[in-house]
Structure formats: C-alpha cells, structure tokens
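As a plain string of letters, each chain reads:
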Amino acid sequence: MSVKKEESLTFYYPDFESNIRIPFIKEGISAGFPSPAVDFKEDDIDLNKELCKNPLATFYIKVNGNSMIDAGINDKDILIVDRSLEPQDNKIAVCLIDGEFTVKRLKIDKNGIFLMPENKEFQPIKVTVENELVIWGIVTYVIKKI
C-alpha cells in the first residue's frame, strides 16, 4: 500500500549556533481562573536548545497533509523528531516506507506492525515482508500556529 502523495514532509536542521533569545517568563500563566498579578522575572529561552534533547539526532519536519489531525498534527505544523529514541507501540513516528516518508502512530502487536493514521479518511498501513520500512524518528513536539 503506498502513501498518499499529499502526505509529504519537509526536513530542517535546528540551528544550535543561533543567538536568537526569546523573552521567557518561568512563573507561567493561569489557564483556569485569573490569578493576581505578581512581579515576574523575565529570562531568555532558546527553543532549539529547550526542545531538542539530543541535538545531533534531532530534526524539524514540516507536515503536508491531514492524516494525523485527530492526534493534533495538522497540515503545515512543524514536528520535532528525535532519531535517537527507540520506536515503541503507540508512539508517533516519522517512517520511511517503500521510499516515501509519512508520519503515523505505531501499532506493534502480535499481528505485526501497523502505521496508523489519526483521521478516519485514511486507512492503516499494514507492514508486510514486501515492504521496506525504516522508523526514521519519534515525534517529541508539535509546533503549530493557532
């Protein structure tokens, strides 16, 4: 079974030499009831360093397609993918299957390996001995515009 052509990924390397520092307030903000205003200390954060725990094995990948929308991964979102993490059942992974990249949830059980979409309009991909599969990396974060 081939991956739909609309499901393509664009790869980027994080820039760990960047000097871009973004203001960061560690105290957080209430997402429930408003809290009294308090003095806050503003620090800086480097998102490359904060979100990439294994810099030599981490890539940013832009999603093109909608097969993972029910997992909160939408068209044009940026995935942070760590190639050093071990594939496990139920993890979301970037996979290279039969020469094409896709992002899917892994289902590993006694019946085999399945690449599971998170959108009812897409079918699971059952990996067979005829397929060439490489689990390229595990998704650790999703960056999206809201």
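The preceding data block contains the structure.
A short tour of the structure in this document, coming up. Values in this document were obtained by computation on a predicted structure and should not be read as measured data.

### What about the overall build of the protein chain?
Then, in step 1: The secondary structure content of the protein chain amounts to one helix and ten strands.
Then, in step 2: Secondary structure of the protein chain in N-to-C order comes out as β-β-β-α-β-β-β-β-β-β-β.
Then, in step 3: For the protein chain, buried positions account for 34% of its 146 residues.
Then, in step 4: Taking as baseline every contact in the protein chain between residues at least 6 positions apart, the subset at least 24 positions apart corresponds to 61%.
Then, in step 5: Entry remark: accessible area of the protein chain is about 9800 Å², with carbon and sulfur atoms responsible for 55%.

### Notes on the packing of aromatic side chains
The description of two aromatic rings rests on the distance between their centres and on the angle between their planes.
Then, in step 1: Inspection of every chain in the model, using the stated rule, returns two aromatic pairs.
Then, in step 2: Judged by centre distance (5.0 Å) and plane angle (55 degrees), the ring pair of phenylalanine 59 and tryptophan 136 falls under tilted. Here phenylalanine 59 is found in strand S4 (residues 58-64), whereas its partner tryptophan 136 is found in strand S10 (residues 133-143), with 77 residues between them in sequence. Neither phenylalanine 59 nor tryptophan 136 differs from the other in exposure class; each is buried.
Then, in step 3: Summarising the aromatic geometry, the rings of phenylalanine 101 and tryptophan 136 are spaced 5.8 Å apart at their centres and angled 90 degrees between planes, so their arrangement reads as edge-to-face. Taken together, the positions of phenylalanine 101 in strand S7 (residues 100-109) and tryptophan 136 in strand S10 put the pair 35 residues apart, joining distant regions of the chain.
Then, in step 4: By the ring-pair criterion, three or more aromatic residues cluster together here, those being Phe59, Phe101 and Trp136.
Then, in step 5: Between the NZ or CZ atom of arginine 83 and the centre of the ring of tryptophan 136, over which it lies, the distance is 4.0 Å.
Then, in step 6: The side chain of lysine 107 reaches across the aromatic face of phenylalanine 114, ending 5.6 Å from its centre.

### Re the pairing of strand S6 (residues 92-97)
Then, in step 1: Within S6, five of the six residues are buried, leaving the element largely enclosed by the surrounding structure.
Then, in step 2: Where S6 meets S7, six bridges bridge the pair, whose relative direction is antiparallel. By the bridge assignment, alanine 93 is partnered in S7 with lysine 104.
Then, in step 3: Here S6 folds back onto S7 in antiparallel fashion, the turn holding two residues, of which aspartate 98 has a positive phi close to 50 degrees.
Then, in step 4: Looking at chain direction, S6 and S10 are connected through five bridges and run antiparallel. In the sheet register, leucine 96 faces S10, and the bridge partner there is valine 134.

### A few points about the pairing of S7
Then, in step 1: Two elements, S7 and strand S8 (residues 112-116), share five bridges in a ladder whose sense is antiparallel. Bridged to leucine 106 within S8 is leucine 115.
Then, in step 2: Where S7 folds back on S8, the antiparallel hairpin that results is connected by two residues.

### A few points about unusual backbone geometry
Then, in step 1: At lysine 76, a position not held by glycine, the phi torsion is positive, near 80 degrees.
Then, in step 2: Structurally, lysine 76 is set in the loop between S4 and strand S5 (78-82).
Then, in step 3: Lysine 76 gets classed as partly exposed once you look at its relative accessible area, which sits at 48%.
Then, in step 4: At aspartate 98, a residue that is not glycine, the phi angle is positive and equals roughly 50 degrees.
Then, in step 5: Take aspartate 98: it is sitting in the loop between S6 and S7.

Analysis parameters
Residues numbered from 1 in each chain as written. Predicted model: local features only at pLDDT ≥ 70, side-chain atom pairs only at ≥ 80, totals over all residues. Heavy atoms only, no water. Helix = DSSP H or I, 4+ residues; strand = E, 2+ residues; numbered from the N terminus. Buried < 20%, exposed > 50% of the residue type's maximum accessible area, 1.4 Å probe, protein only. Contact = heavy atoms within 4.5 Å. Areas by Shrake-Rupley, 256 points an atom, 1.4 Å probe, with all protein chains shown as cover. Phe/Tyr/Trp six-rings, centres within 6.5 Å; stacked < 30°, edge-to-face > 60°. Lys NZ or Arg CZ within 6 Å of the ring centre and 35° of its normal. Pairing = 2+ DSSP bridges.

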